[in-house]
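Read off the chains here:
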Amino acid sequence: MYVFLFLALPSFIIWYALTHQKFEWKAFVPPALWGFFFALVLCAIQEFFMLPVISHSASALMTFLGILLKRYLIPCALLCALFFMLSKDTWEYKCAALAPLLGAFMAVFMPYHVITGENSAAFNLIALPLLDCSVSVLIPVLASSALSALEDHKKSSAIISLLLIPGALIIPPLMETCFYFGRRPSVLIALSALIFAAGMAFCIIYKKRHERTPIFMTM
């Protein structure tokens, strides 16, 4: 029952690392470990201090904001900020490494919230992993696109790409809020699959256009 929940994001990380043409797969092991241990620390803090899991209130807006801030925006922003500050690698690598960084983080943090919330609904077991995979694939592509635009002195394109990053983080909590407030799970799961497919297609197209010269790199 929990197989897809636990294997979707690790499978995505493996695919991303093995198909990346500019960096060797070993270069993505450190950021994946960063994300993994960062998630373990957050889960341990929540358990040790007995912090409440995200509650779903009577207000759809408050539920959406709670999921967005506590599970996505704040922890992801903190993780990325620490990684960018402590890593001494190039910005090109840092942007590409966001996929294993966020993917490994969500591979632990998302199942933790599903299990502690004791909600084994099909939406949580299928749609949430797909949506988190979508976030993990969209954010590095958008960050890399912004970096390329800045290098080409296209400031407006860079700003648009950067603004779309928090927009990508909005998708999972929005879909989850719709689920908890009575929208049909089958429709939401199908929509999540379409979002995932669109994100993967966007990533593959971007990779084909920008990853042509192999540059092997390890940390």
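Since the model is a prediction, treat every value here as computed from it, not as a measurement. (Residues numbered from 1 in each chain as written. Predicted model: local features only at pLDDT ≥ 70, side-chain atom pairs only at ≥ 80, totals over all residues. Heavy atoms only, no water.)

A.B. asks: Before we go on, may I ask you to explain the side chain of Lys-94 in this structure?
C.D. replies: As for its placement among the helices and strands, Lys-94 is situated in helix α4 (residues 91-96). The buried charged residue Lys-94 lacks any salt bridge, with Asp-89 as its nearest oppositely charged partner at 7.3 Å. Reaching out from Lys-94, the side chain makes a polar contact with the backbone oxygen of Phe-84 at a distance of 2.9 Å. Not counting chain neighbours up to four residues away, the residues in contact with Lys-94 comprise Phe-83, Phe-84, Ser-87 and Asp-89. (Helix = DSSP H or I, 4+ residues; strand = E, 2+ residues; numbered from the N terminus. Buried < 20%, exposed > 50% of the residue type's maximum accessible area, 1.4 Å probe, protein only. Lys, Arg positive; Asp, Glu negative; His and termini not counted. Salt bridge = Lys/Arg side-chain N within 4 Å of Asp/Glu carboxyl O. Polar contact = N/O pair within 3.5 Å; in protein donor to acceptor, adjacent residues only side chain to side chain. Contact = heavy atoms within 4.5 Å.)

A.B. asks: Help me understand the side chain of Ser-144, please; the structure alone is not making it clear to me.
C.D. replies: Of note, Ser-144 is situated in helix α6 (residues 122-151). What Ser-144 contacts, discounting residues up to four positions off in sequence, is Cys-95, Ala-96 and Tyr-206.

A.B. asks: Explain helix α2 (residues 29-48) to me, please; I cannot follow it from the model alone.
C.D. replies: What sets the pattern is the α-helix's 3.6 residues per turn: residues three or four places apart point alike. With 20 residues, α2 extends 28 Å between its outermost C-alpha atoms, agreeing within 8% with the 28 Å of an ideal straight helix rising 1.5 Å per residue. Among the residues making up α2, those that are buried are Pro-31, Ala-32, Gly-35, Phe-38, Ala-39, Cys-43 and Gln-46. Along the axis of α2, the buried residues cluster in a sector spanning 130°; they form a single face. Against the buried residues of α2 lie α3 (60-86), α4 and α5 (98-116). (Expected span 1.5 Å × (residues − 1). Arc of directions from axis to C-beta.)

A.B. asks: Just checking my understanding: could you explain the packing of aromatic side chains for this structure?
C.D. replies: Each pair of aromatic rings is reported with the distance of its centres and the angle of its planes. Under the defined criterion, the tally for this structure stands at 15 aromatic pairs. Ring plane angle 85° and centroid distance 6.3 Å describe the contact between Phe-23 and Phe-28, whose orientation is recorded as edge-to-face. The exposure class of Phe-23 is buried, given its relative accessible area of 4%. Phe-28 sits in the buried class, given a relative accessible area of 2%. Considering the side-chain rings of Phe-36 and Phe-37, the 5.2 Å spacing of their centres and the 80° angle between planes classify their relative orientation as edge-to-face. By relative accessible area, Phe-37 is classed as partly exposed at 47%. Through a chain of ring-to-ring contacts, three or more aromatic side chains come together here, namely Phe-12, Trp-15, Tyr-16, Phe-23, Phe-28 and Tyr-93. Taking the ring centre of Trp-91 as reference, the NZ or CZ of Lys-94 above it sits at 4.5 Å. (Phe/Tyr/Trp six-rings, centres within 6.5 Å; stacked < 30°, edge-to-face > 60°. Lys NZ or Arg CZ within 6 Å of the ring centre and 35° of its normal.)

A.B. asks: So what exactly am I meant to see when it comes to the environment of Leu-125 here?
C.D. replies: By the element assignment, Leu-125 lies in helix α6. Separated by 120 residues in the primary sequence, Leu-125 and Leu-5 place their C-alpha atoms 5.2 Å from one another.

A.B. asks: Would you mind going over the packing of α6 against helix α7 (residues 155-180) with me for this structure?
C.D. replies: Each pair of packed helices can be described by the angle between their axes along with the distance between the axes. At a minimum axis separation of 7 Å, α6 and α7 run at an interaxial angle of 170°. Between α6 and α7, the angle is such that the two are roughly antiparallel. Per-class residue counts for the contact of α6 with α7 are 22 nonpolar, four polar and two charged. (Axes fitted to C-alpha atoms, helices over the stretch in contact; angles between N-to-C directions. Parallel < 35°, antiparallel > 145°, perpendicular 65-115°, else oblique. Nonpolar A, V, L, I, M, F, W, Y, C, P; charged D, E, K, R; others polar.)

A.B. asks: Would you mind showing me how to read the pattern of salt bridges here?
C.D. replies: Think of it this way: side chains of opposite charge can pair up when their charged atoms draw near. In this structure the tally under the stated criterion is two salt bridges. Note that Lys-22 is salt-bridged to Glu-92, the shortest N-O span being 2.9 Å. Within this pair, whereas Lys-22 is found in the loop between α1 (3-19) and α2, its partner Glu-92 is found in helix α4, the two being separated by 70 residues in sequence. Residue Glu-92 is classed as partly exposed on the basis of its relative accessible area, which comes to 32%. For Arg-71, the salt bridge is made with Glu-176, and the minimal N-O distance between the two is 2.7 Å. Separated by 105 residues along the polypeptide, Arg-71 in helix α3 and Glu-176 in helix α7 bring together distant segments of the chain. Here Arg-71 falls in the buried class, since its relative accessible area comes to 7%. We classify Glu-176 as buried; its relative accessible area is 1%.

A.B. asks: I keep staring at α3 and nothing clicks. Help me out?
C.D. replies: Helix length check: α3, at 27 residues, gives a terminal C-alpha distance of 37 Å against a target of 39 Å (1.5 Å per residue), a fit within 8%. The sharpest bend along α3 comes to roughly 45°, located at Leu-69. Looking at the buried positions of α3, the neighbouring elements they touch are α2, α4, α5, α6 and α7. Sitting at the head of α3, Ser-59 places a side-chain oxygen 3.4 Å from the backbone nitrogen of Leu-61. (Bend = angle between axes of the 7 residues up to and from the residue.)

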